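# Secondary and tertiary structure notes
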Amino acid sequence: FLIEVTDLSNGRSTSDDALSLHLFDGAEIPMDRFTEQRAERAVDGIYSVAINLHNFHEGASYFGIRCGAAARRFRVVVHRMDAIVPPDGGKHHGEVCPGVWVYHFYDVPATASGGGGVTFHVEKHEGDVDLVTRHGQAPVKLVPPFKYMGADEYEGSISLCNIKPGERLYLGMLGGDHCASYEVFATPLNASTPCEEPLHAPLHAGAQAQALIVDKIAFGSCNAYAWQDWSIALDAHEMQDNFIFELQTRSSALRLNGLSVSLFIDEIPLSRVSEIVAHTAHDGIYAISLSSHDFEPIAGQNRRLFFGVKCGSLPVRYQVVTHLMHSEIHAEEIAHGEACPGDWIYHSIALDEHLAHMTPYSSLVAARSAANARLGVGTSSSHRRRMVSTGDTSSSTHLLVVVEKVVGSMAIRPEFNQAPLVLVPPYKYMHEEEGHSELTICNVSRFFNHDPVFKYHLGIVGSKHCAHYGLTVEPFTGDCHHGMPAAHRRTRSRSLASSSSESAEDTSHIGPDKHGALYCSGAENACALSIRHYTYGSCTELARHVPFTFELTREQLNSNLVVVVADLNDADYSSSLSLTLYHGSGTHEALVDSAMPLASTQAGRARLFSVGLDAFTLQSKVCNRANCSQAGVETFSLVVGCAATPVRFSVLVEVVDLPLEPEVPVHGEVCPGSWMYHKLPGVARGEAVRFTLHVHEGNAYYAMVRWDAPPSFASCNKNEVELSEVDSSAPASIELCPAGDSADDAADAYIGIFGGLSCAIYTLEATAFELDSGATCASSHTVIGGPCLGETSLKSEGIPAGSIVPIFLGAFFGGSVLVFAVWAMIVSRRAEEGRPARTIKNLLHFVRPQLTMPIDAPVGQSAPPSVPPSPPPSAEGEEAKLSSAGGLHI
């Protein structure tokens, strides 16, 4: 039964809530007239409630109609609809209104043969409705299989197959946005008649999406709180380039940020949840960019991208367009691009034979003139230099990058052999009023003739406004000064990060068909990660995301491992997330039961949460459980949990190689409380090694070097640099002098970098050189064991050479008494404050020549034995108090 009440008060003030319709359970109307079965708002002027199998009872049913603030005229009609659909094809009339269920069923004769089917046919006159079928029970939820009949569809059908004799087949009809009037009948199908039942799986919500063509404008609109979907198919070749989707509103009266654009890969889920959403318009443009680096985890086959546009409280008219921007560029060619706020676009140039032997110009002026002519700007007559000639290998080759920006603002960061994932110095920032910029990259010819081919990557990230630009790259020879100006600001941007799809980086570690995802909704059992690719996720308060998994080959276990999770919320909470890294895979419970965590943390710095394992720790922990001498892969799982607030986050896994090549820069990242190791193998015994370390962003405590073994704080030597006191704008140089006489012809030179207060991004280069060529070495060879009391520190105080031994003994015993007294004072004070005491063993690691080290570890992290913590930010901390009591300064 369906009860409908129509408001007939024409000419009066009408509204959708002028009346209300109440259906009462039981055989009488209760005194308080309260009921949950009521309609308080009209659709198309009709208030409706249904009596179906859920609330049907024999006898009288009562309903009441209540007027609002004014008197109303109305009409009531009760529709009686037969639930049984006869097998003879007879039609039955029905009515269904929004949010109301009406049921019909078909009883399969007991004498029928199995294996056939039944098709329900619906002839609809008006309105819209969802058709939901079930075997043996009435549907109560709108879940597959179902079929939607829109307002412009007047005939529809839905089938149930593989029926059984005596079975009852249900057709549930759920009202849509408007009341629907229809006729329904059924047709039985025998076993030989083809029967197709709707898929019992989530319906592809993008089936009605409108197709897009690259560089073609399309027009669209959406009603209030409604969706409109768009799609574009990209092949494997197109996914080697950068891609951008742009929406520009055409409505004159539009609220700020009145719509949103969501990205979906291959299909639109019923939940329509995506971690990549454009909520904010910049200059009236909503944009989502994907670089070739973003495509890498999902590349290899054709893909379809879906963009769901959802309106806010007002209808919106708009236009959309898509662009592809070349990633790989060649010298003397123009590359055009567009970078919107927070999105990365990448270009790369191969340092190959074509670049080394390309047809030359006569001077750098000619290079500038040609580049500026193609970009439509004026020429310059300064800095005349000779260009590369065919076959000319007598002088170094450099690169000139000319950038012409039309509108907007952006930052440009070059990086050797891999695309930069975060915006850290050195980079060039181009303001809105700055239209022209030139960068020079010196001495690229030293990277020629390498297999695989090295590349230089140019990362361009949009700033406050979408930037349109053109750039060209020209080689030249002669004098070169790095043309990377000082950065206008130091900004660590962990937005959608990207790199060239043809990077020399080995991606075989992800295994066959084990590519990662741009985002993970959390509905899956696990979310696959790709090395050096961002993956986005979220979790609610006090909940955990499904485990993230990634794979490393046994060979990659000889590398350093870093996992960084960035809290993308606006607020900065140092304990908003927790990370736990496991060896293996499975559910949360299985991971906890199967093994001890490899690493974990609950403390973040600058919204970054990180765990790191150096190559030797990674090998020792993993190879105890696996036979690392055989080829294969090892699976790792990362569990991310939220604390008291919901968090949207990004996950990045980086593998930092242990071996170095002479004079080839490598990039790495070291995080708080962990070591990163590198080695230059096969150094001749008569050679020294110079390590050049440039920390671009973040903080590191120490860099130490050593022959034939990884250094640590237990290997005391003078070959160390306290990085916390080094200017990050300039590289630090650490030299390891020849190892002395040995039966071996060659040795391995190691460097260890220990993380400080925050994750440090660095570039490292190693050079071996001979001392007899006139070079000098700044350190002696490594001294293993013993206190680090060098002769230099004693001479600096003017101590006579003959007094070294007695003064050393006196300093040793006197210092021991002082250390014990200070330790007792610290224990007493920490006991008063309810903090754990430090052992003398821990304290002794702070006694270093000409260094005054603090006692407390960084907030949120307990320093392990033999790890010196960083100085506190102010002089009011532990260090100042100890200095007033005599200090630990030697």
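Our structure is the block above this text.
Residues numbered from 1 in each chain as written. Predicted model: local features only at pLDDT ≥ 70, side-chain atom pairs only at ≥ 80, totals over all residues. Heavy atoms only, no water.

What follows is about unusual backbone geometry. Leaving glycine aside, a negative phi is the common case for residues, and trans is the common case for peptide bonds. In this structure, Asp283 is a non-glycine residue whose phi angle is positive, near 60°. Relative to the helices and strands, Asp283 is located in the loop between β20 (277-278) and β21 (285-290). Non-glycine residue Arg532 carries a positive phi angle of around 60°. Given the relative accessible area of 6%, Arg532 is considered buried. (Helix = DSSP H or I, 4+ residues; strand = E, 2+ residues; numbered from the N terminus. Buried < 20%, exposed > 50% of the residue type's maximum accessible area, 1.4 Å probe, protein only.)

Time to look at empty space enclosed by the protein. For the coordinates displayed, the defined rule picks out six cavities of 30 Å³ or more. Roughly 170 Å³ of internal volume is contained in the largest cavity. What lines the largest cavity is a set of 18 residues, among which Glu415, Gln418, Arg532, Glu654 and Ile761 lie closest to the centre. Residue assignment for the lining of the largest cavity shows that the elements contributing at least two residues are β27 (410-416), β40 (647-656), β41 (666-670) and β48 (760-770). Here the lining of the largest cavity is built from residues that sort into seven nonpolar, five polar and six charged. (1 Å grid on protein atoms, 1.4 Å probe; cavity = no way out; pocket = protein on both sides within 12 Å on 5 of 7 lines; lining within 4 Å. Points joined across faces, edges and corners; volume = space filled by probe spheres on them. Nonpolar A, V, L, I, M, F, W, Y, C, P; charged D, E, K, R; others polar.)

Here we come to the sheet that holds strand β4 (residues 46-50). Overall, antiparallel pairing links the three strands, which are arranged β4-β1-β6 in an open sheet. With partners counted over all chains shown, the strands left at the sheet margins are β4 and β6 (74-79), one partner each. Mean inter-strand twist for the sheet, computed between neighbouring axes without regard to direction, equals 15°. (Pairing = 2+ DSSP bridges. Axes fitted to C-alpha atoms, helices over the stretch in contact; angles between N-to-C directions.)

A full pass over the atoms with the stated rule returns 19 salt bridges. Its salt-bridge partner being Lys91, residue Glu123 comes within 3.1 Å of it at the nearest N-O pair. With Glu123 in strand β9 (residues 117-126) and Lys91 in the loop between β6 and β7 (92-96), this pair connects stretches of sequence that are 32 residues apart. Where Glu434 meets Lys428, a salt bridge forms, and the shortest distance between an N and an O atom there is 2.7 Å. Taking relative accessible area as the criterion, Lys428 reaches 9% and is therefore assigned buried. Overlapping salt bridges, with partners in common, bring together Arg413, Glu415, Arg532 and Glu654 in one network. (Salt bridge = Lys/Arg side-chain N within 4 Å of Asp/Glu carboxyl O.)

Within the structure shown, the criterion is met by six disulfides. Put simply, Cys222 and Cys311 are joined by a disulfide, and their sulfur atoms are 1.8 Å apart. Every disulfide takes its handedness from the sign of the S-S torsion; for Cys222 and Cys311 that torsion is 75°, giving right-handed. Taken together, the residues span a long stretch of sequence, with Cys222 in strand β16 (residues 218-222) and Cys311 in strand β22 (residues 303-311) at a distance of 89 residues. Assigned by exposure class, Cys222 and Cys311 land together as buried. (Disulfide = S-S within 2.5 Å.)

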